[in-house]
Amino acid sequence: MLKGSFLSPALAVLALAGAANAASTVRLVYGGEWSEAGLAVKRTLSGAAFKSAAKGRYVAEFVEETGGRPSERNLGSWKLPCAFLISESGNCYCVLDNIPSDTTAEKFVAVFSKADAVRVAAEKKGFATADDCGEFLSKMERYVGGPRRIVSKGFYENVFEKLKKLDPSDETGWQRHFTLGLEFDKSTKADGIELVIKANEFREKGDFAGGQAFIDAEMKKPRGHLTKEQTQGILMAKFALYREDASKKEEMDNILRKVAAYDETTLWGTAALGWLNMRGAPPLSAYWGWHDGDFRGPQFKTTVKYGVSHRFAHQGEYSIRFVNNGGSPVKVDSVTLYSGNEVVKALKNPSVEGGVYSFEYTLPRAYRGRITSMLVKGDAPASGNSTGGIEIRRRVLRPRREAK
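Residues numbered from 1 in each chain as written. Predicted model: local features only at pLDDT ≥ 70, side-chain atom pairs only at ≥ 80, totals over all residues. Heavy atoms only, no water.

Enquirer: Before we move on, could you go through the side chain of Asp-167 and cite the residues and values that matter?
Expert: Inspection of the secondary structure assignment puts Asp-167 in the loop between α7 (157-166) and α8 (174-179). Setting aside anything within four residues of it in sequence, one finds Asp-167 in contact with Ala-130, Thr-172, Gly-173 and Gln-175. (Helix = DSSP H or I, 4+ residues; strand = E, 2+ residues; numbered from the N terminus. Contact = heavy atoms within 4.5 Å.)

Enquirer: Any chance you could break down the sheet that holds strand β9 (residues 351-353) for me, citing the residues and the numbers?
Expert: The strands making up a sheet associate through backbone hydrogen bonding, with each pair oriented either parallel or antiparallel. Reading across from one edge, β9-β10-β6-β12 is the order of the four strands in this open sheet, with antiparallel pairing throughout. Two strands in the sheet have a free side with no partner beyond their single neighbour: β9 and β12 (386-394). Pairs of neighbouring strands in the sheet enclose a mean axial angle of 25 degrees, with direction left out of account. (Pairing = 2+ DSSP bridges. Axes fitted to C-alpha atoms, helices over the stretch in contact; angles between N-to-C directions.)

Enquirer: Go over the environment of Arg-393, please, and point to the residues and values.
Expert: Locating Arg-393 in the fold gives a position in strand β12. Its relative accessible area of 49% is what places Arg-393 among the partly exposed residues. Taking the C-alpha atoms as reference points, Arg-393 and Ser-319, separated by 74 residues in sequence, lie 5.4 Å from one another. For Arg-393, the residues in contact, after removing those within four places along its chain, are Glu-317, Tyr-318, Ser-319 and Arg-321. Here Glu-391 takes part through its side chain, which lies 3.5 Å from a polar atom of the side chain of Arg-393. (Buried < 20%, exposed > 50% of the residue type's maximum accessible area, 1.4 Å probe, protein only. Polar contact = N/O pair within 3.5 Å; in protein donor to acceptor, adjacent residues only side chain to side chain.)

Enquirer: Which residues make up a positive patch on the surface, and what are the values?
Expert: A surface patch of positive charge is lined by Lys-107, Lys-114, Lys-139 and Arg-142. Contributing elements (two or more residues each) for the positive patch: α4 (105-125) and α5 (130-144). By relative accessible area, Arg-142 is classed as exposed at 61%. (Patch = residues over 30% accessible without salt bridge, like charges linked within 9 Å, V, L, I, M, F, W, Y side chains within 5 Å. Areas by Shrake-Rupley, 256 points an atom, 1.4 Å probe, with all protein chains shown as cover. Salt bridge = Lys/Arg side-chain N within 4 Å of Asp/Glu carboxyl O. Lys, Arg positive; Asp, Glu negative; His and termini not counted. Charge placed at Lys NZ, Arg CZ, Asp CG, Glu CD.)

Enquirer: Could you give an account of the packing of helix α9 (residues 193-205) against helix α11 (residues 228-242), with specific residues and numbers?
Expert: One way to put it is that α9 packs onto α11 with a least axis distance of 8 Å and a crossing angle of 15 degrees. Relative to α11, the element α9 lies roughly parallel. Two packed elements cross with a definite hand, and for α9 against α11 that hand is right-handed. Where α9 approaches α11, its residues Leu-195, Val-196, Ala-199, Asn-200, Phe-202 and Arg-203 are matched on the opposing element by Gly-233, Ile-234, Met-236, Ala-237, Ala-240 and Leu-241. Along the lines of polarity and charge, the residues of the contact of α9 with α11 split into nine nonpolar, two polar and one charged. (Parallel < 35°, antiparallel > 145°, perpendicular 65-115°, else oblique. Left-handed = near helix turned anticlockwise from the far one by under 90°. Nonpolar A, V, L, I, M, F, W, Y, C, P; charged D, E, K, R; others polar.)

Enquirer: Residues and numbers for unusual backbone geometry, please.
Expert: Across the junction of Gly-297 and Pro-298, the peptide omega takes the value 15 degrees, indicating a cis bond. Positive phi is not limited to glycine here, since Asn-98 has a value of about 50 degrees. In this structure, Asp-170 is a non-glycine residue whose phi angle is positive, near 55 degrees.

Enquirer: Before we move on, could you go through the pairing of strand β8 (residues 342-348) and cite the residues and values that matter?
Expert: Here strand β7 (residues 331-339) pairs with β8 via six bridges, running antiparallel. Following the sheet pairing, Val-335 is matched in β8 by Leu-347. Count of turn residues in the β7/β8 antiparallel hairpin: two residues, of which Gly-340 carries a positive phi of about 65 degrees.

Enquirer: Residue-level account of the pattern of salt bridges, with values.
Expert: A side chain of one charge can pair with a side chain of the opposite charge when the charged atoms of the two come close. Scanning all chains against the criterion turns up 24 salt bridges. A salt bridge links Arg-27 to Glu-61; the shortest N-O distance between them is 2.6 Å. On the criterion of sequence distance, the pair formed by Arg-27 in strand β1 (residues 24-30) and Glu-61 in strand β2 (residues 58-64) is long-range, its members being 34 residues apart. Given the relative accessible area of 2%, Arg-27 is considered buried. The class of Glu-61 is partly exposed, set by a relative accessible area of 30%. A salt bridge links Asp-132 to Lys-125, with the shortest nitrogen-to-oxygen separation between them at 3.9 Å. Among the residues examined, Lys-125 registers a relative accessible area of 53% and is labelled exposed.

Enquirer: Account for the environment of Ala-83, with residues named and values stated.
Expert: Mapping Ala-83 onto the fold places it in strand β3 (residues 82-86). Residues Ala-83 and Leu-28, spaced 55 residues apart in sequence, show a C-alpha to C-alpha distance of 4.3 Å. Beyond its immediate chain neighbours, meaning those up to four positions away, Ala-83 contacts Val-26, Arg-27, Leu-28, Cys-94, Val-95, Leu-96 and Ile-99.

Enquirer: How would you sum up the side chain of Thr-266? Please name residues and give values.
Expert: By the secondary structure assignment, Thr-266 is in the loop between α12 (249-262) and α13 (267-278). Side-chain polar atoms of Thr-266 contact the backbone oxygen of Asp-263, separated by 3.3 Å. With residues near it in sequence (within four places) discarded, Thr-266 still touches Glu-229 and Gln-232.

Enquirer: Tell me about the sheet that holds strand β5 (residues 299-304), and please be specific about residues and values.
Expert: Taken in spatial order, the four strands make up an open sheet running β5-β11-β7-β8, and their pairing is antiparallel. This sheet does not close on itself; its edge strands, each paired only once, are β5 and β8. Sheet twist, expressed as the mean angle between neighbouring strand axes with direction ignored, is 20 degrees. In terms of strand pairing, β7 meets strand β11 (residues 373-379) through seven bridges, oriented antiparallel. Each bridged residue has a counterpart across the sheet, and for Ser-334 the counterpart in β11 is Lys-377.

Structure representation (structure tokens):
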């Protein structure tokens, strides 16, 4: 149970309305008896360094959980220690879950200030239209943990209720952004997984007509304000329905390619790439290299996209290697690295040893995680009959052992 009262939204408004300095409240929920991290974070938020950095803008208060499992009144978070940043109006606009024990006072204030600035700027615009409401909620959802949470009690349920009154038929599509799949599962994150689960149920029952009708109905609903992941989820629902249908293999593979093309780093993008590989249709990528037809000669110019950003995640010295594994060998003449449409570096004159073409590149800090694709040029068999691996490796220097 909680020591003290964890304020409901109504109580929060009453308690904070009289604050003369209109400061936001930082409510830390922690496990005092069983969490060293919680005690460490409490010391930081109650210390002089935090008060000095906050300059009266953020006032900390503390709610201790005495059991190993948080109360359901914990604004929907089970990941202690967690901090809720609550405005003078009683709306929570920033949540930090699983806070590391070594988080500094300055770091807390920097994160809070960023969310606070976005909130204040968005609130100044007002909530006269459905689009005003939807845009505000979509800006704030990233700071609280997603579309489901931002429209719930304790957060900005009041703004969502106004959105529904201004646009009862959801012609703008904003309501769907925050409630996608809610009719099937109230506990998930509105990322489309509810639709995929529902489509799976139709497939398991053999009710493909019902499943197709379900997907058609979802496709007819407004989609203008869905996130990439939500859009991917709707496409993955169709794949879930027909993934075992051999007559639709190419159509389903194309759906997976479309999902991955939206964004490979999301839940569904990663899943789509994995499914393509399992179905024997792996895309050209830094994950699985090239396959028959990917490099088709006599001269080829091909872009490698998937896995590139992931491989170039850190600054440092890299080797980029093209390793021929089977079929007719491929000769690689150059590799051009891109960040979006920007050319970052053109690499030429590779070293060649045993049929392996290697390029060296030093990635600066400014481009870590921002290399999005590689344009590869070279010579290959006209038949495209070739397979190989694409290795992107960062050199990690290790200290030498001293001689004994």
